[in-house]
Amino acid sequence: GDSVTQKEGLVTLTEGLPVMLNCTYQTIYSNAFLFWYVHYLNESPRLLLKSSTDNKRTEHQGFHATLHKSSSSFHLQKSSAQLSDSALYYCALSDQAGNTGKLIFGLGTTLQVQP
Amino acid sequence: EAAVTQSPRNKVAVTGGKVTLSCNQTNNHNNMYWYRQDTGHGLRLIHYSYGAGSTEKGDIPDGYKASRPSQENFSLILELATPSQTSVYFCASGDAGGNTLYFGAGTRLSVL
C-alpha cells in the first residue's frame with residue numbers, strides 16, 4: 001500500500017545553517033499530492049507546502065520543496081534555519097484510492113534549531 | 001478565528017469510562033477526520049466521514065466509534081477507555097482530491 005518515509009526523527013541545527021528534511025514515498029498513483037505540514041508546539045498542525053507537479057519547485061514562508069516522481073521524493077529545504085523554525089514537520093501523501101481526501105502521514109521529523 | 005474547534009482541550013478519564021471528544025468546523029467541508037498523534041507513530045487515522053450521517057473506519061479504528069450528526073460536527077467516542085488510548089487527538093476537515101486538511105488545536109487525553 002501507499003506509504004511515506006521520513007528517516008530522521010530528530011534534526012538538530014545551528015541557526016543560519018541550511019535545512020533539509022527528507023521525505024520519500026510509495027504510491028501507484030501518478031496524480032498523488034505530496035504535502036508538508038508543520039506543527040508548532042501548542043498550535044494546530046498546518047499546511048506548509050503541497051505539490052502534485054513533477055520537477056516543479058514549490059515555495060512558502062522561506063521553505064521550498066520539489067516533487068521528483070522519478071525518485072519518489074519531496075524533500076523540504078530552507079537556505080538558513082531560524083530559531084522560530086523549531087517544530088515537528090510531517091510529510092504526507094494524498095490517498096488517491098477512492099478519492100477520500102485522506103492523508104497518509106510519515107512519522108514526522110522534529111527540527112530543533114539552536115543559537 | 002479558528003475554523004476547526006475541538007473540545008475539551010484536555011481530558012483525564014478513568015479506565016473503563018466513556019469519553020466523547022467533540023469537533024466543530026465552520027469551513028463547510030464535506031470530509032472530517034480524527035487522527036491520533038503518538039511519538040514514534042506520527043499521525044494515524046482513526047475514523048473519517050464524508051458528510052452528515054456517514055462514518056468510515058480509518059487505519060486504527062479498534063476501540064473507537066465516531067458520529068457525524070451534521071455537516072459541522074464530528075465526535076469521537078471511546079466507550080470503554082483504556083490506558084493505551086492516552087494520546088493527543090486531532091480533528092481535521094477537508095475536501096476530497098488533494099485539498100488541504102485544516103486541523104483543530106488537539107485534545108490531550110489521559111486515561112488512568
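Below you will find a few notes about this structure. Numbers given to residues run from 1 along each chain, matching the order in which its sequence is written. Working convention: letters from A go to chains and numbers from 1 go to ligands, in the order in which they are written. It should be noted that, the model being predicted, local features are given only for residues of pLDDT at least 70 and side-chain atom pairs only at 80 or more, the latter also being counted only at that level, while totals for whole chains, interfaces and linings use all residues. The side-chain quantities take in all heavy atoms of the structure and omit both hydrogens and water.

## Considering the packing of aromatic side chains
Turning to step 1, where the next piece is worked out: Working definition: a ring pair exists when centres of Phe, Tyr or Trp rings (six-membered ring for Trp) sit within 6.5 Å. Plane angles under 30 degrees give stacked, over 60 give edge-to-face, the rest tilted. Per the stated rule, a full pass over the model turns up 15 aromatic pairs over all chains.
Turning to step 2, where the next piece is worked out: Relative to Tyr 37 of chain A, the ring of Phe 35 of chain A has its centre 6.0 Å away and its plane inclined at 35°; by these criteria the two rings are tilted.
Turning to step 3, where the next piece is worked out: Plain terms: the ring middles of Tyr 35 of chain B and Phe 103 of chain B are 6.1 Å apart, the flat faces sit at 50° to each other, and that makes the pair tilted. Taken together, the positions of Tyr 35 of chain B in strand S4 (residues 31-38) and Phe 103 of chain B in strand S10 (residues 102-103) put the pair 68 residues apart, joining distant regions of the chain. Pair check on accessibility: Tyr 35 of chain B and Phe 103 of chain B agree, each one buried.
Turning to step 4, where the next piece is worked out: An aromatic cluster of three or more residues is present, and its members are Phe 33, Phe 35, Tyr 37, Tyr 90 and Phe 105 of chain A together with Tyr 33, Tyr 35, Tyr 48, Tyr 50, Phe 90 and Phe 103 of chain B. Counting from the N terminus, the helices are DSSP H or I runs at least four residues long and the strands are E runs at least two residues long. The classification of residues rests on relative accessible area computed with a 1.4 Å probe and restricted to protein chains. Under 20% of the type maximum is buried, over 50% is exposed, and intermediate values are partly exposed.

## Some words on unusual backbone geometry
Turning to step 1, where the next piece is worked out: A cis geometry characterises the amide bond from Ser 7 of chain B onward to Pro 8 of chain B, with omega recorded as -5°.
Turning to step 2, where the next piece is worked out: You can see Pro 8 of chain B is positioned in the loop between strand S1 (4-7) and strand S2 (10-13).
Turning to step 3, where the next piece is worked out: Positive phi outside glycine occurs at Asn 42 of chain A, with the angle close to 65°.
Turning to step 4, where the next piece is worked out: For Asn 42 of chain A, the position within the fold is in the loop between strand S5 (34-39) and strand S6 (46-51).
Turning to step 5, where the next piece is worked out: Its identity as a non-glycine residue notwithstanding, Gln 61 of chain A has a phi of 55°, on the positive side.
Turning to step 6, where the next piece is worked out: The topology assignment puts Gln 61 of chain A in the loop between strand S7 (57-60) and strand S8 (63-66).

## Some details on the state of the cysteines
Turning to step 1, where the next piece is worked out: Note that a disulfide, as used here, is simply two cysteine sulfur atoms within 2.5 Å. Evaluated as defined, the whole model comprises two disulfides over all chains.
Turning to step 2, where the next piece is worked out: Each disulfide pairs two cysteine sulfurs, and for Cys 23 of chain A the partner residue is Cys 91 of chain A, the sulfurs being separated by 1.9 Å. Between Cys 23 of chain A and Cys 91 of chain A, the S-S dihedral sits near -65°, and the bridge is therefore left-handed. Of the two residues, Cys 23 of chain A sits in the loop between strand S3 (19-21) and strand S4 (24-26) while Cys 91 of chain A sits in strand S10 (residues 87-94), which places them 68 residues apart along the sequence. Taken individually, Cys 23 of chain A and Cys 91 of chain A each receive the classification buried, so the pair is uniform in this respect.
Turning to step 3, where the next piece is worked out: The disulfide partner of Cys 23 of chain B is Cys 91 of chain B, and the S-S distance across this bridge is 1.9 Å. Measuring the twist about the S-S bond at about -80°, one finds the Cys 23 of chain B-Cys 91 of chain B disulfide to be left-handed. Here Cys 23 of chain B, found in strand S3 (residues 19-25), pairs with Cys 91 of chain B, found in strand S9 (residues 87-94); they are 68 residues apart in sequence, far enough to count as distant. You'll find Cys 23 of chain B and Cys 91 of chain B in the same group, each marked buried.

## Brief notes about the pattern of salt bridges
Residues and elements named next belong to chain B.
Turning to step 1, where the next piece is worked out: Think of a salt bridge as a Lys or Arg side-chain nitrogen and an Asp or Glu carboxyl oxygen that are within 4 Å of each other. Overall, the coordinates contain six salt bridges over all chains when judged by the stated rule.
Turning to step 2, where the next piece is worked out: In this structure, the salt-bridge partner of Arg 36 is Asp 38, at a minimum N-O distance of 2.7 Å. Residues Arg 36 and Asp 38 agree in their burial class; the two are buried.
Turning to step 3, where the next piece is worked out: The residue Lys 65 makes a salt bridge to Glu 79 at a minimum N-O spacing of 3.6 Å. Linking Lys 65 in strand S7 (residues 65-67) with Glu 79 in the loop between strand S8 (73-78) and S9, this pair joins segments that are 14 residues apart in sequence.
Turning to step 4, where the next piece is worked out: For Lys 65, a relative accessible area of 49% corresponds to the partly exposed category.
Turning to step 5, where the next piece is worked out: Using a relative accessible area of 34% as the deciding quantity, one classes Glu 79 as partly exposed.

## Observations regarding the sheet that holds S7 of chain B
Residue and element names in this part refer to chain B.
Turning to step 1, where the next piece is worked out: Spatially, four strands are ordered S1-S3-S8-S7 in an open sheet, and the strand pairing comes out antiparallel. Looking at the sheet topology across the chains shown, the edges are occupied by S1 and S7. Strand-to-strand, the axes of this sheet are offset by a mean angle of 20°, without reference to chain direction.
Turning to step 2, where the next piece is worked out: Two strands make a pair as long as DSSP finds a minimum of two bridges between them. Where S1 meets S3, four bridges bridge the pair, whose relative direction is antiparallel. Note that in S3 the partner of Thr 5 across the bridge is Asn 24. Note on method: axes are straight lines fitted to C-alpha atoms, helices fitted across the in-contact stretch only, with angles between N-to-C directions ranging 0 to 180 degrees.

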